[in-house]
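Topology and contacts: notes
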Amino acid sequence: MSWFEKVESTFENRSNWIKFANESLNQGLSKFKDFKASNATIFSPSQVGILTGIVIAIFVNWKANKQNFKRFDASSLARRLTCAAILPIFLAILAILALYRQFVCILLRVKFGRQFISILDASDAVWSVEHHNWRSIINIVALLEAPELDESSPEAKTDTILTLLRNKFGKLEFTHQKLFYSLNRQFGYSFWLKNPIEIKDYIKIVDIPSSSDCLTSEELQSWVGNVSNNALPDNHCKLWEILVSQKSVVDNETTKFPILCRVHHSLGDGVALLRFFLETITDQESSKALNNAPEENNLKSGKKIISDLVKWVKLISFLPFYISDQLSSRPDSNCLHGSTLTGQKTISWLHEPTNSNLLRNLRRVKRTIPNSRFSDLILTSISSSLHQYFEQSGKPIPKSIQIIVPARIEAIEKNLKLQNKFSVALQKLPILPPLDRDSDISELALKVSRVRKQTNLVRLKSDYLLNYAIMTVFGHFFPHWILTGILDSKLATIVFSNLPGPTEEAFLGNFRITSMSFAVPHRDLTGIGVTLLTYAGKLQISLSADAALLPTLNQAREILQNISNAIKHCAEVS
């Protein structure tokens, strides 16, 4: 029996293979961390042995999955063989770029001295790739309600909110230093600098145009859309700003004061920023902010993909083939995709009324339909709303569209860190007609099952980890001008984000935060985002769209209202 046959026979049993791969990779990662921590320039014999073990693991994984290769047609096989052939060249390029990156780091340290912090981590660097028509800015709108006994003027209340925010941020200089870094770019790499801090440059009062002393909801949404893609302070070098409205807005027959928090995505992902907002800016307790984390948005706690390190072996062996498949994929073709983005946005949101039990009823429906997820119900509602939009606009109704679904790649840590720890995957969303008024639970279950089928397909594959590997490798080594062409988003129509919020309302001083809305950034040709936030037991849905796709606020509000109606119908059907 040959040596390779012995290796293969040893791992014919899948459980033995997984055990071996986990042990080998755990040792490998541990050794690699030790190697990285040291300043060694060559691998020791033990480290070479670990790398050899990983190579053997890749070989065995290929042998275990060789039936997949039999299904390749001639052209597909040729493309994959080409990818495998250029892999050594690719690794050589990475080695050259690693040296160049280190050289740039030395130059920046010499040039800026103690001001220089570091070149951006890979997951942050991904978001430094942006265009003036689609900046990497997350927009968060919060509505604050003053205490009933507070009889001070609106101007005095605005000043109080401003003072509270400035006082809170003034205490964060040493506990959250990254918050006050400035984002710069030279020699092809983005890097952090430490600059003098002036809180007043970050938190300001703004006068929103209106037809009266108070704002309408439409006026507020129009203004947020108009400023959402503006450059951040200091020529887009600062990472955030908070704009406090001088005027109040009438929302659900009560007077509230809006604030707009604009944050660069390189500072952190949606989960990290939401936690930061609730735990640091407001007086929300940490435990309450984490109670509502949904299973489907936390890959590590739900499916434990990261803990199963054997899948990293698949990443190494199939990464070239995955990239090849992505490059050959066809982009969506519909009236909501394909146009060059203008940078002008329409942003709208809907908040579940206080006396509604919509979220609780939806969870009851989820339990009624076997194997369904909460996000599947929401996606089914988005699907029916888009069907209505395509039908009413007189445009062809696509059978399906592609959506980008972000997911947390690591579990939420107890100590808050401002960082990006998420990945994305492409998922098909069938475009299905809405339910009739006489529809029953079986018809709803049928539609949900079609959406769930596509969700399951994505979860069975390694797309999240593959994309995370791509962002990690490319974001670390590749300069900006190369990343611009690689990390594009030209296939999908919509970004769908599902954010977990606290189970109780948060407070800023004595001001109660009654609602919050998130608007995710657009990128390349993907100019529509839908965000679902659960806040204090209520649904908060927002939609952001580039004006090239949805020119008017009414169009955005109509799609959003139809999503809301479909969600309510789902809850009523059961």
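As a further point, take the side chain of S515. With respect to the helices, strands and loops of the structure, S515 is situated in strand 14 (residues 511-519). Looking at S515, the relative accessible area reads 3%, which means it is buried. Within the structure, S515 has its side chain in polar contact with the side chain of H351 (distance 3.2 Å). With residues up to four places along the chain from it excluded, the contact list for S515 reads V141, A142, L143, H351, Y535 and Q540.

With that out of the way, let us pick up the packing of helix 7 (residues 154-170) against helix 11 (residues 270-281). Remark: helix 7 packs on helix 11, axes separated minimally by 11 Å, with the N-to-C direction vectors making an angle of 100 degrees. With respect to each other, helix 7 and helix 11 are oriented roughly perpendicular. Taking contact as the criterion, the partners of L165, K168 and F169 in helix 7 are, on helix 11, F276, T280 and I281. Residue classes in the contact of helix 7 with helix 11 are distributed as 4 nonpolar, 1 polar and 1 charged.

For the rest of this paragraph, the subject is the sheet that holds strand 4 (residues 189-194). Read from one edge of the open sheet, 3 strands run 1-4-3, paired in antiparallel fashion. If you trace the sheet from one side to the other, it starts and ends with strand 1 (116-119) and strand 3 (181-186), each paired once. Each strand axis lies, on average, 30 degrees off the axis of its neighbour in the sheet, ignoring direction. Judged from the 6 bridges that link them, strand 3 and strand 4 form a sheet pairing that is antiparallel. From the neighbouring strand, Y181 faces strand 4, where its bridge partner is K194.

With their axes 8 Å apart at the nearest point, helix 16 (residues 374-393) and helix 20 (residues 553-573) run at an angle of 135 degrees to one another. Considering the angle they form, helix 16 stands oblique to helix 20. Two packed elements cross with a definite hand, and for helix 16 against helix 20 that hand is right-handed. For the pair formed by helix 16 and helix 20, the contact residues are I378, S381, I382, S384, S385, Q388, Y389 and Q392 on the first element and Q555, E558, I559, N562, I563, A566, I567 and C570 on the second. Class assignment for the residues of the contact of helix 16 with helix 20 results in 8 nonpolar, 7 polar and 1 charged.

On to unusual backbone geometry. The backbone of D234 sits at a positive phi, close to 60 degrees, despite the residue not being glycine. Residue placement: D234 occurs in helix 10 (residues 233-236). Look at D234 and you get partly exposed, because its relative accessible area is 41%. Positive phi outside glycine occurs at H236, with the angle close to 70 degrees. Within the element layout of this structure, H236 appears in helix 10. You can call H236 buried: its relative accessible area is 12%.

Burial within strand 2 (residues 137-145) is extensive, with 9 of its 9 residues counted as buried. Where burial is concerned, the two faces of strand 2 agree: the one with I137, N139, V141, L143 and E145 and the one with I138, I140, A142 and L144 are both buried. As paired strands, strand 2 and strand 14 are joined by 7 bridges and run antiparallel to one another. Directly across from V141, in strand 14, lies its bridge partner S517.

Right, let's get into a positive patch on the surface. Positive charge collects at one region of the surface, where R360, R363, R364 and R367 lie side by side. Assignment of secondary structure puts R363 in helix 15 (residues 358-368). On the accessibility criterion, R363 (32% relative accessible area) is partly exposed.

Taken as a whole and judged by the stated rule, the model has 12 aromatic pairs. Measuring from ring centre to ring centre gives 6.1 Å for W127 and F422, while their planes differ by 25 degrees; the resulting arrangement is stacked. Note that W127 is positioned in the loop between helix 6 (122-125) and strand 2 and F422 in strand 11 (residues 422-430), a separation of 295 residues in sequence. In this structure F422 comes out as buried when scored by relative accessible area, which is 11%. Arranged with centres 4.3 Å apart and planes meeting at 25 degrees, the rings of F169 and W240 form a pair that is stacked. Within this pair, whereas F169 is found in helix 7, its partner W240 is found in strand 6 (residues 240-245), the two being separated by 71 residues in sequence. Here F169 and W240 have matching classes, each one buried. A network of ring pairs unites the aromatic residues F169, F180, Y202, W240 and F276 as a single cluster.

Now for the pattern of salt bridges. In the structure shown here, the tally under the stated rule is 10 salt bridges. Among the ionic pairs, E241 bridges to K204, the shortest N-O distance being 3.9 Å. Note that E241 is positioned in strand 6 and K204 in strand 5 (residues 203-206), a separation of 37 residues in sequence. A relative accessible area of 30% places K204 in the partly exposed class. Linked through salt bridges whose partners overlap, the residues forming this network are E145, E505 and R512.

On average, residues of the protein score 80 in pLDDT, and 77% of them reach the 70 mark or higher. Every residue in residues 1-22 is under pLDDT 50, and counting partners more than four places away or in other chains gives 29 contacts. Under a pLDDT of 50 for its full length, residues 285-302 has, in the predicted model, 45 contacts with residues more than four places off or in other chains.

Another point: the environment of I401. Position of I401 relative to the elements: it lies in strand 10 (residues 400-408). When its relative accessible area of 1% is taken as the criterion, I401 is described as buried. Distance from I401 to Q427, taken between C-alpha atoms, is 8.4 Å for residues 26 residues apart in sequence. Those residues in contact with I401 that lie beyond four places of it in its chain are D332, N334, L386, Q427, K428, L429, I431, T493 and I494.

Rules of the game
- Residues numbered from 1 in each chain as written.
- Predicted model: local features only at pLDDT ≥ 70, side-chain atom pairs only at ≥ 80, totals over all residues.
- Heavy atoms only, no water.
- Helix = DSSP H or I, 4+ residues; strand = E, 2+ residues; numbered from the N terminus.
- Buried < 20%, exposed > 50% of the residue type's maximum accessible area, 1.4 Å probe, protein only.
- Polar contact = N/O pair within 3.5 Å; in protein donor to acceptor, adjacent residues only side chain to side chain.
- Contact = heavy atoms within 4.5 Å.
- Axes fitted to C-alpha atoms, helices over the stretch in contact; angles between N-to-C directions.
- Parallel < 35°, antiparallel > 145°, perpendicular 65-115°, else oblique.
- Nonpolar A, V, L, I, M, F, W, Y, C, P; charged D, E, K, R; others polar.
- Pairing = 2+ DSSP bridges.
- Left-handed = near helix turned anticlockwise from the far one by under 90°.
- Patch = residues over 30% accessible without salt bridge, like charges linked within 9 Å, V, L, I, M, F, W, Y side chains within 5 Å.
- Areas by Shrake-Rupley, 256 points an atom, 1.4 Å probe, with all protein chains shown as cover.
- Salt bridge = Lys/Arg side-chain N within 4 Å of Asp/Glu carboxyl O.
- Lys, Arg positive; Asp, Glu negative; His and termini not counted.
- Charge placed at Lys NZ, Arg CZ, Asp CG, Glu CD.
- Phe/Tyr/Trp six-rings, centres within 6.5 Å; stacked < 30°, edge-to-face > 60°.
- pLDDT = per-residue confidence, 0-100.

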